[in-house]
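A structural walkthrough
Here's the letter readout for the chains.
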Amino acid sequence: MVNATRLDLANEFLDAIQKGNEEHADEILVMIAAERESRLFEEIGKLTRELHDSLASVQSESDLAGIAENDIPDAKERLNFVIEKTEDAANRTMDAVEDILPVSETIRTRAGQLQEEWSRFQRREMDVSKFKKMGNELVDFLDELNSNSDKIYTGLNNILMAQDYQDLTGQVIRKVIEVVQQVEDSLVGLIRATGVQAGPRKVVSEIEAEGPQMNVGNKYNVVNGQDDVDDLLSSLGF
Amino acid sequence: MNKDMKILIVDDFSTMRRIIKNLLRDLGFTNTDEADDGQTALPKLEAGSFDFLVTDWNMPGMQGIDLLKIVRAHPDLKDLPVLMVTAESKREQIIEAAQAGVNGYVVKPFTAGTLKEKIDKIFERIETPA
């Protein structure tokens with residue numbers, strides 16, 4: 001169906017040309033072009049509004065801004081907290097172990113010495129003065145054992161208590177999983193709303209560092225434990 | 001294999017460096033130094049006098065694999081025995097490290113026994129004439 005305004009303008013143009021009125025004909029041409037332009041702008045305006053509305057609805061449903069401003073920095077902080085807590089627990093545990101090891105080594109050595117002496121006594125290879133000496137050494141050993149046992153007990157308790165990080169880090173990690181889930185949902189919504197197509201997947205180079213592997217059993221390109229590493233290397237002649 | 005040999009331990013996590021240092025001490029190796037990245041390790045190695053390098057792969061500044069390649073190409077360091085101790089376990093990575101001249105590859109988590117075994121094996125090979 002022909003636009004009435006255009007038809008009028010076209011007739012007027014024709015009329016002006018026929019009458020040799022060049023100036024007026026130019027004016028009409030400008031008006032026709034302007035009319036077309038304004039319709040184009042109207043279309044663009046309509047599309048822009050539609051896109052804006054659709055993005056706004058995605059935004060309000062998923063609160064992307066909120067996620068970016070609050071939840072993601074919060075998640076980063078939480079994960080740093082996990083690193084700190086686990087590092088702290090590892091160090092506390094190793095501190096306790098470093099306290100206990102020399103103590104247990106001392107006990108072992110001294111007990112070994114006393115055992116030897118006792119065997120000599122049983123084989124009747126010990127005279128009275130040596131026997132008395134052994135008696136004193138035994139008393140010393142038992143005293144030491146008492147205080148060393150305390151040290152060991154304390155150390156072991158410290159190790160036990162150092163495991164308290166797991167519950168805290170577990171809770172924190174769960175919260176981060178929630179945030180990741182929200183981000184995933186929002187991104188899916190956004191992709192749907194804007195009709196963005198998934199591009200070709202970024203290929204991770206086979207030698208790029210990835211940290212510890214998950215679900216190793218399902219991955220053909222990952223080895224499963226030191227034995228597999230050794231087998232792979234010897235099969236290649238290394 | 002000299003128990004007094006000077007060993008450089010390179011890992012970006014201080015807890016892992018501590019573990020390895022302790023395990024080495026239990027094996028009788030008390031002459032150890034540490035670096036937290038390939039980048040900080042290199043000047044230490046170049047300053048000289050290290051007999052053994054134990055390094056992680058995944059480090060933010062310079063990765064262990066790159067440190068290894070630089071060491072093997074370096075006139076003063078090319079024969080330095082290198083043991084990688086890492087969580088990286090893709091087949092291609094293990095092959096890459098072997099081809100770059102690593103002397104041993106231990107994956108995390110590992111046991112004290114494995115560490116000892118690999119160190120012994122490295123120095124056995126070095127000291128046995130081919």
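The structure we're discussing is the one just above.
In short, a report on the structure. Per chain, residues are indexed from 1 in the order of the written sequence. Each chain gets a letter, beginning with A, and each ligand a number, beginning with 1, in the order they are written. For this predicted model, a pLDDT threshold of at least 70 governs which residues receive local features, and a threshold of 80 or more governs which side-chain atom pairs are given and counted, while totals over whole chains, interfaces and linings are taken from all residues.

**Here we look at the overall build of chain A**
Numbering of helices and strands runs from the N terminus, with a helix taken as a DSSP run of H or I at least four residues long and a strand as a DSSP run of E at least two residues long. A count of helical and extended segments in chain A gives six helices and zero strands. Ordered by position from the N terminus, the helices and strands of chain A form the series α-α-α-α-α-α. Within these notes, the globule rule equals 2.2 Å times the number of residues to the 0.38 power, and the radius of gyration is based on C-alpha atoms. The C-alpha radius of gyration of chain A comes to 42 Å, more than 25% above the 18 Å expected for a compact globule of 238 residues. Its C-alpha atoms give chain A principal-axis dimensions of roughly 150 × 50 × 30 Å. Here exposure depends only on C-beta density: within 10 Å of a residue's C-beta, 20 or more other C-beta atoms make it buried, 12 or fewer make it exposed, and intermediate numbers make it partly exposed, the C-beta atoms being placed from the backbone. Expressed as a percentage of its 238 residues, the buried residues of chain A come to 4%. Once C-beta atoms are placed from the backbone, any two residues with those atoms within 7 Å are in contact. Of the contacts formed within chain A by residues at least 6 apart in sequence, a portion of 71% connects residues at least 24 apart.

**Looking at the pairing of strand β2 (residues 32-35) of chain B**
All names here are of chain B. Any two strands with at least two DSSP bridges between them are considered paired. Summarising the sheet, strand β1 (residues 7-10) and β2 pair through four bridges and their orientation is parallel. In the sheet register, isoleucine 9 faces β2, and the bridge partner there is glutamate 34. Consider the strands pointing away from the viewer: the crossover is right-handed when the path from the first strand over the helix to the second runs clockwise. Note that the unit made of β1, helix α1 (residues 14-26) and β2 has a crossover that is right-handed.

**Quick look at the sheet that holds strand β3 (residues 52-55) of chain B**
Residue and element names in this part refer to chain B. Spatially, the five strands line up as an open sheet ordered β2-β1-β3-β4-β5, and their pairing is parallel. Each having just a single partner strand, β2 and β5 (104-107) make up the two edges of the open sheet. Between one strand axis and the next, the sheet turns through 20 degrees on average, direction left out of account. Taken together, the four bridges between β1 and β3 define a ladder with parallel strand orientation. Within β3, the position partnered with isoleucine 7 by the bridge is phenylalanine 52. Across the sheet, helix α2 (residues 38-46) touches β1, β2 and β3, and the angle it forms with β1 is around 165 degrees. To get an axis, fit a line to the C-alpha atoms, keeping to the stretch in contact for a helix; angles then go from 0 to 180 degrees between the N-to-C directions.

**As for the pairing of strand β4 (residues 82-86) of chain B**
Looking along a regular strand, one sees side chains alternate from face to face of the sheet. All names here are of chain B. Taken across its five residues, β4 has five buried, putting it largely inside the fold. Because side chains alternate across β4, one face comprises the buried residues Val82, Met84 and Thr86, and the other comprises Leu83 and Val85, equally buried. Examined bridge by bridge, β3 and β4 share three bridges and lie parallel to one another. The residue bridging leucine 53 from the neighbouring strand is valine 82, located in β4. Pairing of β4 with β5, which is carried by four bridges, proceeds in the parallel orientation. Note on β5: the bridge partner recorded for valine 85 is valine 106. Regarding topology, helix α4 (residues 91-99) serves as the crossover connection from β4 to the parallel β5, and that connection is right-handed.

**Structural notes on α2 of chain B**
Along an α-helix, residues three or four positions apart point the same way, because every turn accommodates 3.6 residues. Residue and element names in this part refer to chain B. For α2, the complete set of buried residues consists of Gly38, Ala41, Leu42 and Leu45. Seen from one end, α2 has its buried residues packed into an arc of 105 degrees, which puts them on one side. Looking at the buried positions of α2, the neighbouring elements they touch are β1, β2, β3 and α3 (64-73). This arc describes the spread of directions from the helix axis toward the C-beta atoms.

**Comments concerning helix α5 (residues 112-127) of chain B**
All names here are of chain B. Here α5 contains 16 residues, and its C-alpha end-to-end distance of 23 Å stays within 8% of the 22 Å for a straight helix at 1.5 Å per residue. By the burial criterion, the buried members of α5 are Leu115, Lys118 and Ile119. What you see down the axis of α5 is that its buried residues fit within an arc of 100 degrees, all on one side. The exposed set on the far side of α5, more than 90 degrees from its buried face, consists of Gly113, Glu124, Arg125 and Glu127. Take the number of residues in a helix, subtract one, and multiply by 1.5 Å to get its expected span.

**Topic: the interface of chain B and chain A**
Accessible area lost when the parts come together is the quantity often used to give the size of an interface. Contacts between the two partners involve 21 residues from chain B, matched on the other side by 21 residues from chain A. Elements that contribute at least two residues to the side of chain B that touches chain A include exactly α1, α4 and β5 of chain B. No other element matches α4 of chain B, which puts seven residues into the side of chain B that touches chain A.

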